[in-house]
Amino acid sequence: IADAIENEKVVSKTINIYNVDRAVCGRLAGTIAKKYGDTGFAGQLNITFTGSAGQSFGCFLTPGMNIRLVGESNDYVGKGMAGGELVVTPVEKTGFQPEDAAIVGNTCLYGATGGQVFVKGKAGERFAVRNSLAEAVVEGTGDHCCEYMTGGCVVVLGKVGRNVAAGMTGGLAYILDEDDTLIPKVNKEIVKIQRVSAPVGQMQLKSLIEAHVEKTGSNKGAVILKDWDKYLPLFWQLVPPSEEDTPEANPKYETSSAEQVTTSLQSA
């Protein structure tokens, strides 16, 4: 791995991990960032961990780091990550449905500024708290999902706890609501709740679910994609004021832009 970082090579490794191993990948990310800055690393670290990870697994990831965990993790997964990819899946033949069980802990993606996270299972409380740019797909969360988010995108393919989107001033969330229980759980002080009607928003949602299925083999994601026309109307989109005029949230965006261009041409 040290050679791959020094000479910008591609390396693949599989390593056992235990719950006493905390902040795993933090030093690797720091070494890459010190040498190459935020986006200068041209190599690739493909590292698979198997077992039960301690706190802050995958923290501070940088672009070029593709990290996979087969097992489960404690709190703060992806804390402060700035790029790269983080995938968490349960071991095979678990005896439970992944979408019904928590496999990552609380406060995941705390303060993340980039990268993508795909979790084949549920997360604990405060998922994506203070997330500012990362994209994530998860199959359920505890309370306070998307708390204080300022950017990025979160897709939840299952149930969430109470107080969703408290203090959420930026970014978008797409939450599947199969039994009409979501609305009372949303903190409505800031965000607007709407169906996914903008074509660009529909594309964003579908592409993230497709990536989730490709990376994790998610059964829930595959079912949704197979019957897309049935499931799309069951998603809610949570939109802070800062995102209301974006193409992902505003179905009139493309039309109004085209009209502005036409008006400008006519004036000229």
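Residues numbered from 1 in each chain as written. Predicted model: local features only at pLDDT ≥ 70, side-chain atom pairs only at ≥ 80, totals over all residues. Heavy atoms only, no water.

Colleague: Looking at this model, I keep getting lost on the UniProt feature "domain: Glutamate synthase alpha subunit C-terminal" (unreviewed entry) in the protein chain. Mind explaining?
Modeller: In this numbering, the UniProt entry assigns the feature "domain: Glutamate synthase alpha subunit C-terminal" (unreviewed entry) to residues 16-198. Counted over residues 16-198, helix gives 6% and strand 31%. Its end C-alpha atoms are 44 Å apart. (UniProt positions renumbered as here; feature names shortened; annotations may be inferred. Helix = DSSP H or I, 4+ residues; strand = E, 2+ residues; numbered from the N terminus.)

Colleague: Hey, could you run me through the environment of L157 in this one?
Modeller: Tracing the backbone through its elements, the reader meets L157 in the loop between β7 (150-156) and β8 (170-176). With 58 residues separating them along the chain, L157 and E99 place their C-alpha atoms 8.3 Å apart. Ignoring any residue separated from it by four or fewer positions in sequence, one finds L157 in contact with V137, V138, E139, L176, I209, H212, K220, G221, I224 and F235. (Contact = heavy atoms within 4.5 Å.)

Colleague: Hey, could you run me through unusual backbone geometry in this one?
Modeller: Apart from glycine, the bulk of residues carry a negative phi angle, and the bulk of peptide bonds sit in the trans form. Residues other than glycine seldom take positive phi values, yet E8 does so here, at roughly 55 degrees. Looking at the secondary structure, you find E8 in the loop between α1 (2-7) and β1 (10-17). A positive phi is found at C25, a non-glycine position, where the angle reads about 90 degrees. Following the sequence through the fold, C25 ends up in the loop between β1 and α2 (26-36).

Colleague: Would you take a moment to explain the sheet that holds strand β10 (residues 235-239) for this structure?
Modeller: Strand-to-strand pairing in sheets goes through backbone hydrogen bonds, with the strands running parallel or antiparallel. Taken in spatial order, the ten strands line up as β1-β2-β3-β4-β5-β6-β7-β8-β10-β9 in an open sheet, and their pairing is mixed. Of all strands in the sheet, those with a lone pairing partner are β1 and β9 (192-195), marking the two edges. Taking each pair of neighbouring strands and ignoring which way they run, the sheet shows an average axis angle of 15 degrees. Alignment of β7 against β8, held across five bridges, turns out to be parallel. Counterpart to V154 in the pairing with β8 is A173. (Pairing = 2+ DSSP bridges. Axes fitted to C-alpha atoms, helices over the stretch in contact; angles between N-to-C directions.)

Colleague: What is the right way to look at the side chain of N250 in this model?
Modeller: Positionally, N250 belongs in the loop between β10 and α6 (253-267). Apart from residues lying up to four places away in sequence, N250 is in contact with A198, E244 and D245.

Colleague: Quick question: what am I supposed to make of the environment of T62 here?
Modeller: Residue position: T62 is located in the loop between β2 (44-53) and β3 (65-73). Accessibility expressed as a relative area gives 6% for T62, which makes it buried. Through-space distance from the C-alpha of T62 to that of G114 is 8.3 Å; in sequence the pair is 52 residues apart. Once you skip the residues sitting within four places of it in the chain, T62 turns out to touch A29, I32, A33, G83 and G84. (Buried < 20%, exposed > 50% of the residue type's maximum accessible area, 1.4 Å probe, protein only.)

Colleague: Help me understand α2, please; the structure alone is not making it clear to me.
Modeller: One full turn of an α-helix is made of 3.6 residues, so residues set three or four places apart face in the same direction. Those residues of α2 that fall on the buried side of the exposure criterion are G26, A29, I32 and Y36. An end-on view of α2 places all buried positions within 130 degrees of arc, on one side of the element. Exposed residues lying more than 90 degrees from the buried face of α2 are R27 and K34. Of the residues trailing α2, G37 is marked for its positive phi of about 80 degrees. (Arc of directions from axis to C-beta.)

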